[in-house]
Amino acid sequence: MNKITREQFEAYERVRKSGVTNMWAVSVVSDLSGLEKDTIMQIMKNYSELKDEFKEEDEEWNKT
């Protein structure tokens, strides 16, 4: 698995939260987010883990 960056995850999340498309319409998600189709599929497959990872990073950042 290629490392998904916070920026990539956030681009995916902006599209998801906007509700403008079905997230399985990967070509549309790609156009709206600027992400490659493989990256989108990787985020979809590992969504829960990525969400938890970035949430934990945020919590660590807020502690300092």
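Scroll up to find the structure this text is about.
Residues numbered from 1 in each chain as written. Predicted model: local features only at pLDDT ≥ 70, side-chain atom pairs only at ≥ 80, totals over all residues. Heavy atoms only, no water.

This next bit is on the packing of helix α1 (residues 6-18) against helix α2 (residues 26-33). Contact pair α1 / α2: the axes reach a minimum separation of 9 Å and the direction vectors enclose 115 degrees. Classified by the interaxial angle, the pair formed by α1 and α2 is roughly perpendicular. Judged by the sense of rotation from one axis to the other, the crossing of α1 with α2 is right-handed. Residue-level contacts link A11, Y12 and V15 of α1 to V29, L32 and S33 of α2. Tallied by class, the residues present in the contact of α1 with α2 amount to five nonpolar, one polar and no charged. (Axes fitted to C-alpha atoms, helices over the stretch in contact; angles between N-to-C directions. Helix = DSSP H or I, 4+ residues; strand = E, 2+ residues; numbered from the N terminus. Parallel < 35°, antiparallel > 145°, perpendicular 65-115°, else oblique. Left-handed = near helix turned anticlockwise from the far one by under 90°. Contact = heavy atoms within 4.5 Å. Nonpolar A, V, L, I, M, F, W, Y, C, P; charged D, E, K, R; others polar.)

As a further point, take the nonpolar core. If you look at the biggest cluster of nonpolar residues, it comprises 15 residues, and the most contacted ones within it are F9, Y12, V29, L35, I40, I43 and L50. At the level of secondary structure, the elements contributing two or more residues to this core comprise α1, α2, α3 (37-45) and α4 (47-63). Among the elements that line this core, the one with the most residues is α1, at four residues. Apart from the residues lying within four places of it in its own chain, the contact partners of I43 are I4, Q8, F9, Y12, L35 and L50. (Core = buried A, V, L, I, M, F, W, Y, C linked by side-chain atoms within 4.5 Å. Buried < 20%, exposed > 50% of the residue type's maximum accessible area, 1.4 Å probe, protein only.)

The next subject is the packing of aromatic side chains. A full pass over the atoms with the stated rule returns three aromatic pairs. Taking 5.6 Å as the distance between ring centres and 35 degrees as the angle between the ring planes, the aromatic pair formed by F9 and Y47 counts as tilted. Linking F9 in helix α1 with Y47 in helix α4, this pair joins segments that are 38 residues apart in sequence. Exposure class is identical for F9 and Y47. Each is buried. Both rings, one in Y12 and one in Y47, keep their centres 6.2 Å apart while their planes meet at 50 degrees; by these two values the pair is tilted. Here the residue Y12 occupies a position in helix α1, and Y47 occupies one in helix α4, the gap between them amounting to 35 residues. Accessibility expressed as a relative area gives 18% for Y47, which makes it buried. Put simply, the rings of F9, Y12, Y47 and F54 pair up and form one aromatic cluster. (Phe/Tyr/Trp six-rings, centres within 6.5 Å; stacked < 30°, edge-to-face > 60°.)

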